Structure formats: C-alpha cells, structure tokens
Amino acid sequence: MLVVCLSPGQVHAQLSLGQFTVSDEIELGRKFNILVRSRMAMVEDPEILGYTEEVLDRLQRQMPPQPFPLSVGVIRHGALNAFAGPGGHVFVHTGLFQNLENESSFAGVLAHELAHVSQRHIASRIQKSQWVSIGTLLGVLAGALLGGDAGPALLYGSVAAGQSAMLSYSREDEREADQVGMNYLVKAGFKPQGMVQSFETIRKLRWLGGSMPVYLSTHPGVDERISYLRDRVDRMPESIRTRDEDNTAYQRARMLVMAKYTEPDKALSFFHRGELDQCLNLLGRAIVLDRNNRINEARSAFDQALACSPDDPLLLREAGAFFLQLGNFEQASDFLQRAVLNNPKDQMALYHYARVLDATGHREQAIPLLERIIGHLPEQPVVHAYLGRLLGQEGHLFSAHLHLGYAAIYSNDKKQAGFHMQQAEEAAKTEQDRHALTKQQRIYKEREEFW
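Residues numbered from 1 in each chain as written. Predicted model: local features only at pLDDT ≥ 70, side-chain atom pairs only at ≥ 80, totals over all residues. Heavy atoms only, no water.

### Things to note about the nonpolar core
Note the following rule: What is meant by a nonpolar core is a set of buried Ala, Val, Leu, Ile, Met, Phe, Trp, Tyr and Cys residues, joined one to another through side-chain atoms within 4.5 Å. Here the term buried applies to any residue with accessible area under 20% of the maximum for its type, exposed to any over 50%, and partly exposed to those in between, with areas from a 1.4 Å probe on protein chains only. Any two residues whose heavy atoms approach within 4.5 Å at even a single point are treated as in contact.
The biggest cluster of nonpolar side chains holds 105 residues, and the ones touching the most others in it are Leu59, Met255, Phe271 and Leu370. Residues within four places of Leu370 in sequence aside, it is in contact with Tyr351, Ala354, Val383, Tyr386, Leu387 and Leu390.

What follows is the structure in structure tokens.
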C-alpha cells in the first residue's frame, strides 16, 4: 500500500462546510491529477494516448457543456480499470487494452466514467460528506478511486483509510452512469453492445480468479447490470444494433500495449494467437523479441512486418528505433524520416530521428527537434533527459540541468530532481533563466507533496 503523507500545513485550501463549488472541484481535480501522475507510471506514447484522447473527444461531444475541460491519462497498470476524478480528469489503465477485444467495449468504459462526470456524482458525494480540508479529501478520494485489489491505495492516514468508502459511488450513481453512459456511447456512433461486452469481460475475469475493478465493483452487481443493459440494447432500432465497427485504430493501440507493457511470454502468446491484423501481429512480435534481446529473431520479424505493410508509419517508427539501436544509422534514418512524413503528429518518431542526427554528428539539428517535441510532450522524461545531455555537451549548463531536472521530476526521482535544480540555480545568469527555474520549482513543489 502506498501512503500519501501530507502534513496539515502542506495543503492550505479549505472547503466551506456544506458547500462544494465548481472552483473547489477544479482545485481538487488539479491536485488529484498531480497526485496520480506523481505516483503512477504513465504512458506517453502518442499512438496510445492520442487514440484514447480521440475516443474521449468523440464521447465528450455528446455530453452537455461542462464547467471545466476534460482530460485523459493512461496509467501503466494491468488492472481492468478506469476512473474519473474531480474536475474532469479521467484515467484508464493499460489493462483495458489488454483485456477488451474491441473499440466499442473500450469506449463503453470511458462513456460510463464520463457519465459520472456529467452527473457530478463525485461533487454530490463530497457535498454530502462535508469535508473541510482539500488535503484530507484528496487522500480519501485516492483511496476510493485507486484503492482495493485493482490498484494501489493512496491514502491520507488512518482516518481517510477508514472513511474512503463514504465517497464510493452508490447503487443509484452506478445505474445512472450505466444509462447515461449508454446514451453517450450510442450518440457517438459506437456499437451499444460494447458496454455489455465490457461487463461480460469483467464477469469472466472474476470467475477466472481475477479481481473486480474499483469502478465496477459496487452495487448493482455485474450480472444485474449485464441484464438491464442487454435488455436496453435489444430494444434499440436494428440500424443501431447492427452498426459496423472499425477496430483499426484500437488494434494499433492495443498492439503497442501488449508488446511494450505486458509480460513477454504473455505478449508472445497473444501475438501467436493472431487476434490482431496480420501485420500488427508481426510488428508486436518483433517488439517483444527485441525486448527479450532476441535480436536475430526480432530482425526477421521486423523484415516480415515491413514486407507486410511497408508504408505504415507506426511500423516505420518501431523499425527505425530498432535499427538505431543496432547502429545501422542509414537504415534507421530512412525509416524514421518516412515515419515522420507519413505521420507528422508522432513525436516519438521525431525523437528517434533526433537521436539518429546526434549519432551521425548533427547535434546542432537534433537539439531544436527535441525542443519542439517537448512543446508537444512536456512531461516525457526520456526526451528531457536526452535534450539535457546534448545541451550539456554543447556547454549550455543552465538549460542542461533544467531539462535533466524535468526528466527527474517526471520520473518521480526526488533526489536527482533536487540535484539538477540546485545546479541550474547556480548556473542561472539571466532573468529568463530565473523565470524558467521558478516555474520548475513550482512544478517540483506540487509533486513533492506526494513523494
């Protein structure tokens, strides 16, 4: 169990007794978002995160206007779980991709969570509980949304641990989220059977000995929910029940999760079963073999995948990164340039290309590319770390330590973050330097509360 140790002086914000305003929720949501990101491993791959954001956006367009923007993060954790925190911060676990077979099931889970947001279930329960300290409430929320067998508990002391159930969704909340979420799912053009299938997957995992996810473990029970949702689907017009489903984008995101964030033996077994498109199965197998350091087999698998789909930008990106690792810079450069041309939004392809430029003696071209990537992926530690090293080699000590500090902050490495921030402070010379350092110190302080 992970414990958030907040002293009473660390969080000063208070709630008016009996009131929980939108401003209160936004502030609580901001801190909750920082808490989750400071204690949980996050996935930043644009193919996975971008796909999840697209599904969220598609569903969000069917919701009434919200008093705050919605955001979504992907947590690297194998639980079949998702949750909506206060202030519109939604999180999904990679376990959804690992266990759900199609896009509509994945969208059904997100739709359920967005219904909790639009119906303001968390805000309502907070209002009724009359918590007065945002600091205490933050820990209680963490226990209610992240605790249990499906994820690590982040609790604020024994009182919060004992009372986190007060903020758990009620039977009525869950039923309403099912029904309203189904509305969003259908209006967004997804197959309505997806929500039913997600519950059926959960029931199957339970019978196989898996744990129930927090967001679906409360009453009404899974069997009852399957029954009333299936009845509702059966009453829908045939044109909705028989909708076509394009799983292409979902399969790509699922392949990456299986290949990169699943135990290698399980991942190889998955790709051997051939559940995805043939070319994606080949690519996934190549990535896993590379993870296992089975280089010759990985090279053969990449060659087969490239023969299968020679212009796929995701395949070109992964093949480019593989050949870069082998020191075959010419081939890596060719693949990565083509990947960027075919998908200019893939910042990780651009990152690997910047590494090729550095490896081939073109550091002066690599640095601005890395700076551009950080503009799109500001919390990607590997990019900050690489840029920091290059800037240090160029003699730009302040900027080098600044980026190495960010790399440590977003890797949740308190010791290294403190070291590089101190070095940056000693190297700061201009007002612009001091302004950049002040911004970093503020981000560090916000995360330090939860380390």
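### Some details on the pattern of salt bridges
Think of it this way: side chains of opposite charge can pair up when their charged atoms draw near. Keep this limit in mind: Salt bridges, as used here, are contacts in which a Lys or Arg side-chain nitrogen is within 4 Å of a carboxyl oxygen on Asp or Glu. Counting from the N terminus, the helices are DSSP H or I runs at least four residues long and the strands are E runs at least two residues long.
This model, assessed by the stated rule, comprises 30 salt bridges. The residue Arg252 makes a salt bridge to Asp312 at a minimum N-O spacing of 2.8 Å. Separated by 60 residues along the polypeptide, Arg252 in helix H12 (residues 248-261) and Asp312 in the loop between helix H15 (295-308) and helix H16 (313-325) bring together distant segments of the chain. For the pair Arg252 and Asp312, one class covers both residues: buried. Among the charged side chains, a salt-bridge network with shared partners connects Asp45, Lys260, Arg317, Glu318 and Asp346.

### Let's talk about the pairing of strand E3 (residues 71-75)
Moving residue by residue along a regular strand, the side chains alternate between the two faces of the sheet. We count it as follows: What makes two strands pair is DSSP finding at least two bridges between them.
The element E3 is largely enclosed, with a buried count of four among its five residues. In this structure, strand E2 (residues 42-43) lies alongside E3, joined through two bridges in antiparallel fashion. Residue pairing for E3: Val43 is matched across the bridge by Val74.

### Focus: the packing of H15 against H16
Inclusion rule: Here the axes come from fitting lines to C-alpha atoms, over the contacting stretch only for helices, and the angles between their N-to-C directions go from 0 to 180 degrees. Any angle from 65 to 115 degrees is called roughly perpendicular, while one under 35 is roughly parallel, one over 145 is roughly antiparallel, and all others are oblique. Left-handed is the label given to a crossing in which the near helix is rotated counterclockwise from the far helix by less than a right angle, and right-handed is the label when the rotation is clockwise. Residues are grouped as follows: Ala, Val, Leu, Ile, Met, Phe, Trp, Tyr, Cys and Pro are nonpolar; Asp, Glu, Lys and Arg are charged; all remaining types, including Gly, are polar.
Where H15 meets H16, the axes come as close as 11 Å, and the angle between the chain directions of the two elements is 150 degrees. Overall, the two elements H15 and H16 adopt an arrangement that is roughly antiparallel. Considering only the axes of H15 and H16, their crossing is left-handed. Contact residues: Ile295, Ala298, Arg299, Phe302, Asp303, Ala305 and Leu306 in H15; Leu315, Leu316, Glu318, Ala319, Phe322, Phe323 and Gln325 in H16. The class makeup of the residues in the contact of H15 with H16 is ten nonpolar, one polar and three charged.

### Remarks on the packing of aromatic side chains
For the record, the criterion: Any Phe, Tyr or Trp ring, taking Trp's six-membered ring, that has another such ring centre within 6.5 Å forms a pair; planes under 30 degrees apart are called stacked, those over 60 apart edge-to-face, and the others tilted. Geometrically, a lysine NZ or arginine CZ counts as sitting over a ring once it is within 6 Å of the ring centre and also within 35 degrees of the ring normal.
Inspection of every chain in the model, using the stated rule, returns 15 aromatic pairs. On the numbers, 5.7 Å between centres and 45 degrees between planes, the contact of Phe106 with Tyr250 is tilted. Here Phe106 is found in helix H4 (residues 103-118), whereas its partner Tyr250 is found in helix H12, with 144 residues between them in sequence. Across this residue pair, the class does not change: Phe106 and Tyr250 are buried. Lying across the ring of Phe190, Arg58 places its NZ or CZ 3.7 Å from the centre.

### Concerning empty space enclosed by the protein
Which entries qualify depends on this criterion: A cavity here means a set of points on a 1 Å grid, drawn over the protein atoms and nothing else, where a 1.4 Å probe fits but cannot get out; a pocket is an open set with protein on both sides within 12 Å along at least five of seven lines, and a residue lines either one if it has an atom within 4 Å of a point. Grid points are joined across faces, edges and corners, and a volume is the space filled by probe spheres set on the points.
Summed over the entire model, instances satisfying the criterion amount to one cavity of 30 Å³ or more. The volume enclosed by the largest cavity comes to roughly 70 Å³. Taken together, 14 residues form the lining of the largest cavity, with Glu25, Gly85, His116, Val117 and Ile122 sitting closest to its centre. When residues of the lining of the largest cavity are traced back to their parent elements, those giving at least two are H4 and helix H5 (121-129). Among the elements that take part in the lining of the largest cavity, H5 stands out by supplying three residues, more than any other. Of the residues assigned to the lining of the largest cavity, the class counts are seven nonpolar, five polar and two charged.

### Some points on the sheet that holds strand E5 (residues 89-93)
Spatially, the four strands line up as an open sheet ordered E2-E3-E5-E4, and their pairing is mixed. Single-partner strands in this sheet number two, and they are E2 and strand E4 (82-84). Sheet analysis places E4 next to E5, joined by three bridges and oriented antiparallel. Note on E5: the bridge partner recorded for Phe83 is Phe91.

### A word on the state of the cysteines
What counts here: Cysteine sulfurs are considered disulfide-paired once they come within 2.5 Å of each other.
The full count for this structure, using the stated rule, is one disulfide. A sulfur-sulfur distance of 1.8 Å marks the disulfide that ties Cys279 to Cys308. Around the S-S axis, the bridge from Cys279 to Cys308 shows a dihedral of about -70 degrees and counts as left-handed. Of this pair, Cys279 sits in helix H14 (residues 278-291) while Cys308 sits in helix H15, placing them 29 residues apart in sequence. Assessed through its relative accessible area of 28%, Cys308 is described here as partly exposed.

### Concerning the layout of surface pockets
Put simply, the largest pocket is a space of about 800 Å³. In this structure, the largest pocket is lined by 27 residues; those nearest its centre are Pro46, Leu49, Gly50, Tyr51 and Glu53. Ranked by the residues each element gives to the lining of the largest pocket, the list is headed by helix H2 (residues 46-60), at seven residues.

### Brief notes about the side chain of Arg447
By the element assignment, Arg447 lies in helix H23 (residues 431-448). Ignoring anything within four residues of it in the chain, the contact list for Arg447 reads Ile34, Arg37, Ser38, Glu379, Ile409, Tyr410 and Asn412.

### Overview of helix H17 (residues 329-342)
Convention followed: In this analysis, the expected span of each helix is defined as 1.5 Å times one less than the number of residues it contains.
If you check H17, its first and last C-alpha atoms are 20 Å apart, about what 14 residues at 1.5 Å a residue would give, namely 20 Å. Restricting attention to buried positions, one finds in H17 the residues Ala332, Ser333, Phe335, Leu336, Ala339 and Val340. The elements touched by buried residues of H17 are H15, H16 and helix H18 (347-359).

### Some points on the confidence of the model for the chain
Put simply, the rule reads: A residue's pLDDT is the confidence the predictor assigns to it, expressed on a 0 to 100 scale.
With 86% of its residues at a pLDDT of 70 or more, the chain has an overall mean of 88. This stretch, residues 148-163, has a pLDDT under 50; its non-local contacts, to residues over four places away or in other chains, come to 45 contacts. Ignoring residues within four places in sequence, the model shows residues 209-215, a span with pLDDT below 50, making 25 contacts including any to other chains.

### A few points about the packing of H12 against helix H13 (residues 264-273)
Geometrically, a packed helix pair is captured by the angle between its two axes and the distance between the axes. Where H12 contacts H13, the axes come no closer than 8 Å and their chain directions differ by 140 degrees. Relative to H13, the element H12 is oriented oblique. Taken together, the residues of H13 that come into contact with H12 (itself represented by Arg254, Met255, Met258 and Ala259) are Ala267, Phe270 and Phe271. Broken down by class, the residue content of the contact of H12 with H13 amounts to six nonpolar, no polar and one charged.

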